[in-house]
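# A look at the structure
What follows is the residue order along each chain.
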Amino acid sequence: MADKKISVLGLINRVLSYSERQGMIFVLLPLGNTYGDSIKVKINKKTASGCPVPCIGQIWEITGAYDKMTAYGEQIIADFAQIALPKGSSIVYFLTRNPAFAGIGVKTAKRLWALYGDELYEILSSRNINKLLRKINLSETVITILFEKWNDYLESFLTIEFFNSIKLPAHLAWKARELWGNDLQDRITEDPYRLLALSSWEPVDKCAREVFSIPQDSKLRYIAAIESALYNAYDDKHTAQFHGALVDRLRYVLDEKDITPAINLALAEGRVCSSVDANGSLMYRVDGAQVIEDYIEDRILEIENETTINFAESDLNNIEVSLPYKLTAAQRNAVKMVFEKPFVVVLGGRAVGKKTVLNCVFRMLPRNAVIMQLMLTVQAAYGVCEVTGQGVLSVHEFLQLTKNSGLPENLYLFIHEASVLDATTFYQILLVLPKGSRLYLIGDHHQLPPNGPGLILHQLVMDQYPHITTLTKVLDEPLINDISIIADAIKSQRKVELEKFVSGQSKGLGVSFLSTDDKHLIDSLIYTYRELGAVGETQIVASEHETCKSLNAVLHYENISMREYEHLSLETIFGKDVELAVGDRIIYTGHTDRIRSLFNGSVGTITEIYKRPVIMESELNRSYVFVAEANFNTTGKTPLTEEDLKHVDLGYCVILNESHFGRWECVVIAAQFSENHNDSINNNWFYTGVTRSKKQCVIVGSLENFNFQISVPSRSPTRCVGLNFKRSLMSKISSDSQWQKNETYN
């Protein structure tokens, strides 16, 4: 039974739980009441949606009623809750109990209040050091803490108040401060559509028009609509948009008559740029995408102009003697090209000798050469390291290394599985690559395109970049159903005769098929997964979301049951509309956090769910609430926030197109039925699925569908990108021609 409503101003002493989906519970210490007891406060989801993240030491104003009948003990159920500033003498409690003010003791805080009273608030807010020191001597450290931490808290409070006033969620305030610092109110008032960096078009447009009175035909609104449409396209992995595609997107946010004036205005203001592709078709890009792609083109051109190394045929002949087989002509050509060209693309599928080529190159490079190899995933990096005998870094480790100690000169950088390299990741790598470095991409353009925006390897192939060497001959002597043989047959659209998978009789190697009908598909996938999972790490891949959803639900509950049987922890949390438990396989989807190398499609396992949230603050006083930990294939062990969990789904079964950069011991492929043909499924899809397995692959489903889909010709990626290596090549040819003319003239 709830009592009458009361209002409390207090300091958060402990955070018991926090979730944007379920609300928050914390312990509040009432201010100004020396003998008052701590109060447990529960804030439901609806009220919590307008609140910032709770953090120890914050002051909150609470209005609600005691609920004494709850099974969780006496607590206040708040129907109003908001962060607040201390009032009067409560600043003493605030300074002594807030961890941000560590070093400010009770004695110092009480003396400050006794000397200055309410004037202390004005002194701290105005950073008036001279006035502060007239009556008290303080160390430089204490002075710095007082002024910096007080003003950090004050700015956070004012930012939240501002977001409340413009009717946008308070949790966006922290992101806004990270982007615009203490100038955010001026920046947003000047152009409310800057808020599109934090939220979607509908709430931002409503805020701009209702709160800031921006007219429908405003320049700001027109330009924002264009940028929003292009950024949405970027989220869909397009770095550019052709004219017709952009117009189609704009019809959702602008009237038809306003579209052409809006595009022209955005171009005139320099907020959007236009260019033509290799076929002369007009396309548009936002400034950020243009900067990324133009830099990639320019940097590749710069690398191409680095000095070459003399290739010694005799050295390669000497190395060949120690190899188990004679090098093919294509392999010899690849080694030669790597020496003679500073930027080279080495193409080839499984078991065609790419690693042998690299081993030859590594043995022939000058002694002062610094060799570095990169992979997108930590998992795959270990595998390449074993084969080449050279250290391999994940992209995350590589970028951390450059941040901590920089890169050495005379660097030879080899990037493996370059088919999954997106424009933004490649841009980050090129930014830190020292002058004089040489760069080599090793990959397979028959694989599916990257999960991130843009194209790199596939675009180089489509633009017929001249410094590409291709390895095609499978060099192993495999069994008839070996992965490399089957993958090559799928890629070449040859008929494939697959061994039948029989439960309990698996050889543990190669590719086999388990034929089943629609009614038994899920059961067949599950028992195949269980059998292969007993041998090694196993992943199910599919093309239909419903298939993934069904399989993930079954295997999640199986994990829960097993943990209960073994008397293990049964804590759960909520991810992307799913329940998650320790031991669940997961996938990070729909978002990329490049700072932590959490990519769209990163897969992993929940390793821990914290009994109480761990709250940490950034330098900008933004609170991060970590609620769990997971081990991902792209970054290793990583703590997860509530925000992260919005992008975490169960990952026992994943959509192959959304997570094809992983490699597993065993892969189970769901071949959907012929009546459910998916336009995105062809031999590229099955080829990619088969090559994701290291040892064993079992295809489960309709044999009819499998045979039909692998007969569908490979298609080039349909993304619209502004990257144009033909343009770079023509620029180089033009530059070389001009140089020759100048030489002749001189």
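Refer to the structure printed above.
So, here is what we can say about the structure in this document. Predicted model, so just to flag it, every value in this text is computed and none were measured.

### Looking at the pattern of salt bridges
The full count for this structure, using the stated rule, is 28 salt bridges. Between glutamate 293 and arginine 285 there is a salt bridge, with the nearest N and O atoms lying 2.9 Å from each other. You can call arginine 285 buried: its relative accessible area is 3%. Between lysine 435 and glutamate 302 there is a salt bridge; the shortest N-O distance is 2.9 Å. Of this pair, lysine 435 sits in the loop between helix H19 (423-432) and strand S13 (438-443) while glutamate 302 sits in helix H13 (residues 287-304), and the two are 133 residues apart along the sequence. Classification of lysine 435 as exposed rests on a relative accessible area of 64%.

### Remarks on helix H11 (residues 243-250)
Of all the residues in H11, the buried ones are Leu246, Val247 and Leu250. The buried residues of H11 occupy an angular sector of 100° when projected down its axis, which confines them to one face. Where the residues of H11 are buried, they touch helix H10 (219-235), strand S6 (241-242), helix H12 (256-268) and strand S8 (282-286).

### Comments concerning the side chain of glutamate 629
Position of glutamate 629 among the secondary structure elements: in strand S22 (residues 623-632). Although buried, glutamate 629 forms no salt bridge, and the nearest oppositely charged side chain, lysine 637, lies 4.3 Å from it.

### What about the sheet that holds strand S26 (residues 664-671)?
Sheets are built from strands paired through backbone hydrogen bonds, the pairs being either parallel or antiparallel. With parallel pairing, the six strands of this open sheet are ordered in space as S15-S16-S27-S26-S17-S25. Both outer strands of the open sheet, strand S15 (499-500) and strand S25 (653-655), are each paired with one neighbouring strand and no more. Sheet topology places strand S17 (residues 538-542) next to S26; four bridges connect them, and they run parallel. If you follow threonine 538 over to S26, its bridge partner there is cysteine 666.

### Side note on the pairing of S13
Burial runs high along S13: six of the six residues are buried. Of the two faces of S13, both are covered, the one formed by Arg438, Tyr440 and Ile442 as well as the one formed by Leu439, Leu441 and Gly443. Relative to S13, strand S9 (residues 343-348) runs parallel, the two sharing five bridges. For valine 346, the partnering residue across the bridge sits in S13 and is isoleucine 442. In the sheet, strand S12 (residues 411-415) pairs with S13 via four bridges, with the strands oriented parallel.

Parameters at a glance
Residues numbered from 1 in each chain as written. Predicted model: local features only at pLDDT ≥ 70, side-chain atom pairs only at ≥ 80, totals over all residues. Heavy atoms only, no water. Salt bridge = Lys/Arg side-chain N within 4 Å of Asp/Glu carboxyl O. Buried < 20%, exposed > 50% of the residue type's maximum accessible area, 1.4 Å probe, protein only. Helix = DSSP H or I, 4+ residues; strand = E, 2+ residues; numbered from the N terminus. Arc of directions from axis to C-beta. Contact = heavy atoms within 4.5 Å. Lys, Arg positive; Asp, Glu negative; His and termini not counted. Pairing = 2+ DSSP bridges.

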